[in-house]
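An overview of the molecular structure
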Amino acid sequence: MSELLHLSGLTITPWQQPARRLVNDVSFTLESGRTTCIVGESGSGKSLTALAVMGLLPMGLQRQAGQVMFQGRELTMSSQAELQQIRGKRIGMIFQEPMTSLNPVLNIGFQIGESLTVHLGLRGQELKTRVAALLEQVGIPAVRANSYPDELSGGQRQRVMIAMSIACEPVLLIADEPTTALDVTVQAQILQLLAELKVRMNMGMLFITHDFGVVADIADDVVVMFRGEVVEAGPVDQILVCPQHPYTRALLDCVPDAEGLKPLKPIDYAWLA
Amino acid sequence: MADIILSAQGLTKIYRQRSGRFGFGSSQIKALDNVSLSLKQGATLAVVGESGSGKSTLARCLLQLQPLDAGEVQFEGRELGRLTGTELRGVRRHLQMVFQDPFASLNPRMKVGEIVAEGLLIHKLGNATTRRDQVLRMLQRVGLAAPDMDKYPHEFSGGQRQRIGIARALVLEPKVVVCDEPVSALDVSIQAQILLLLKELQLEMGLSYLFISHDLRVVRHMADEVMVMHRGRIVEQGEVAQVYADPQHEYTRNLLNSIPGHHRMATATT
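Residues numbered from 1 in each chain as written. Chains lettered and ligands numbered in written order. Predicted model: local features only at pLDDT ≥ 70, side-chain atom pairs only at ≥ 80, totals over all residues. Heavy atoms only, no water.

Focus on the sheet that holds strand β1 (residues 4–19) of chain B
Residue and element names in this part refer to chain B.
- A sheet is described by the order of its strands in space; here 4 strands give the open sequence β2-β1-β4-β5, paired in antiparallel fashion. With one partner strand each, in any of the chains shown, β2 (25–40) and β5 (78–79) form the two edges of the open sheet.
- By the bridge criterion, 2 bridges tie strand β4 (residues 70–75) to β5 in an arrangement that is antiparallel. Looking at the pairing, Q74 lines up with E79 of β5. (Pairing = 2+ DSSP bridges. Helix = DSSP H or I, 4+ residues; strand = E, 2+ residues; numbered from the N terminus.)

Topic: the packing of helix α3 (residues 112–122) of chain B against helix α4 (residues 128–141) of chain B
Residue and element names in this part refer to chain B.
- Where α3 contacts α4, the two axes come as close as 10 Å, and the packing angle between them is 120°. With respect to their mutual orientation, α3 and α4 come out oblique. Here α3 and α4 pass one another in a crossing that is right-handed. Contact with α3, carried on its side by V112, G113, V116, A117, L120 and L121, involves R131, Q134, V135 and L139 of α4 and no other residues of that element.
- Taken together, the residues that form the contact of α3 with α4 break down as 7 nonpolar, 2 polar and 1 charged. (Axes fitted to C-alpha atoms, helices over the stretch in contact; angles between N-to-C directions. Parallel < 35°, antiparallel > 145°, perpendicular 65-115°, else oblique. Left-handed = near helix turned anticlockwise from the far one by under 90°. Contact = heavy atoms within 4.5 Å. Nonpolar A, V, L, I, M, F, W, Y, C, P; charged D, E, K, R; others polar.)

As for the pattern of salt bridges
- One pass over the full model with this rule turns up 18 salt bridges over all chains.
- One salt bridge connects E177 of chain A with K46 of chain A, and the closest N-O pair in it is separated by 3.4 Å. Residue E177 of chain A is located in the loop between β7 (172–176) and α6 (184–201), and its partner K46 of chain A is located in helix α1 (residues 46–54); the two are separated by 131 residues in the primary sequence.
- D211 of chain A serves as the salt-bridge partner of R217 of chain B, at 2.6 Å between the closest nitrogen and oxygen. With one member in each of two chains, R217 of chain B in helix α7 (residues 216–222) and D211 of chain A in the loop between β8 (204–209) and α7 (212–218) form a pair that bridges those chains.
- Assessed through its relative accessible area of 5%, R217 of chain B is described here as buried.
- Connected via shared salt-bridge partners are D211 of chain A together with D215 and R217 of chain B. (Salt bridge = Lys/Arg side-chain N within 4 Å of Asp/Glu carboxyl O. Buried < 20%, exposed > 50% of the residue type's maximum accessible area, 1.4 Å probe, protein only.)

Focus on the pairing of strand β9 (residues 221–226) of chain A
Residues and elements named next belong to chain A.
- Within β9, 6 of the 6 residues are buried, which leaves it mostly tucked inside the rest of the structure.
- Burial along β9 is two-sided: the residues D221, V223 and M225 and V222, V224 and F226 are all buried.
- Relative to β9, strand β3 (residues 35–39) is paired through 4 bridges, and the arrangement is parallel. Bridging across to β9, V39 finds its partner in V224.
- When β9 meets strand β10 (residues 229–235), the two strands line up antiparallel, connected through 6 bridges.

In structure tokens form, the structure reads like this:
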């Protein structure tokens, strides 16, 4: 196993208020063939961290400090042109909203094929065959390549997003809450699919979620974020069985269990501060 | 039985849609197929199913927000389908709903105080002073403060908006509250707060809940009885503990197996 992605001291602030650290000194390492889950509530900075890896921070935000090493290369020093070579090819990304991330006026075959044309120069029959294979891989019949996003269900759209993100066989897949908008059974299928793809393609996966149930299903390593900072990180078994930080424990406690054995406990922020 | 507050028999709802080339054909979808239920006074009945299973249609049909194709709904022994418009409006005070999306279900142009007071105005309850008092008390009860009455919905977070939605429904002191996925748009940490609030209010006000959800973990904590819906039909129903421990229908088993982390979380948390 080799080091795939390494973040050190990543700090993100608004341009206008450099003292307000939305992400503060975040460091962790992801190895290829493993899944790291970033867990936290809304506003914890988990999505910003993922966006910063890709150099896709929203307007008005800056990476104030820190490094992002991807395969031994400093991404933050790369030019836009170099980043465009990497994004979509060696780093794939799945966004949260399958309803809004697809272009409604282009058929899904075109949208999946786009990155293959751009990055690998595939065209014509070769491209068609590859797109068909990708669709089959995510469990959608190849004939649906001519369908438009509105003709697909939420789960199918998310599968299309996955097919797009793995089209160029990336070594790193970043998934930002890819299943929160989906039904439980569909969620289980998508998680299963991602786990299979990870093994088959020896991908590293950076998976963002707020649900510890999902973490238990998919993670090898866990990074817990709270108010922009990493409060705890470690292998999934350790985090689930003996969480050290009170926030991790609180976050675990507010997940309802299917057995109904433990009482629901909301997070007591006053006590944490 | 005396303690049944809301019941329904043989509810059927068919949606017709245009289909085929240029929409010249038409096809039918049975959103509700012979659904019966009974909700006990002070209890929580959960309706579980995936999108498209008909659970939201069921909620709307029970409250007479949508016409039924067949079936009857009784509230406190009165047949809702036979009531006149005026009578139905009177009954509606006792049948309230908490909606799923806290962003879409509050009017962005109204202040929070106005949103919560609107039901009282419509039902002509009290005068301006007592209404203001009631609204304030309700908002405080759900965890908001007096200055919040003059704010607009966009100034609040998702969890706070859902509290406003709950206050809006409960200020009328209803008897039955239909909660349509009340926490599915919220973070898990906020979910727990809202669920506990709903439980507390149920005890305090003697509410009966029809709790619609696709999340079986949440249902386990909230409900006394559960109905599993699949394609407009009820495939299984019973007491929560029993259904979870010994699911009879294949679809229920599938749903239970899909709960994220159900293998590991059970052993991990103590």
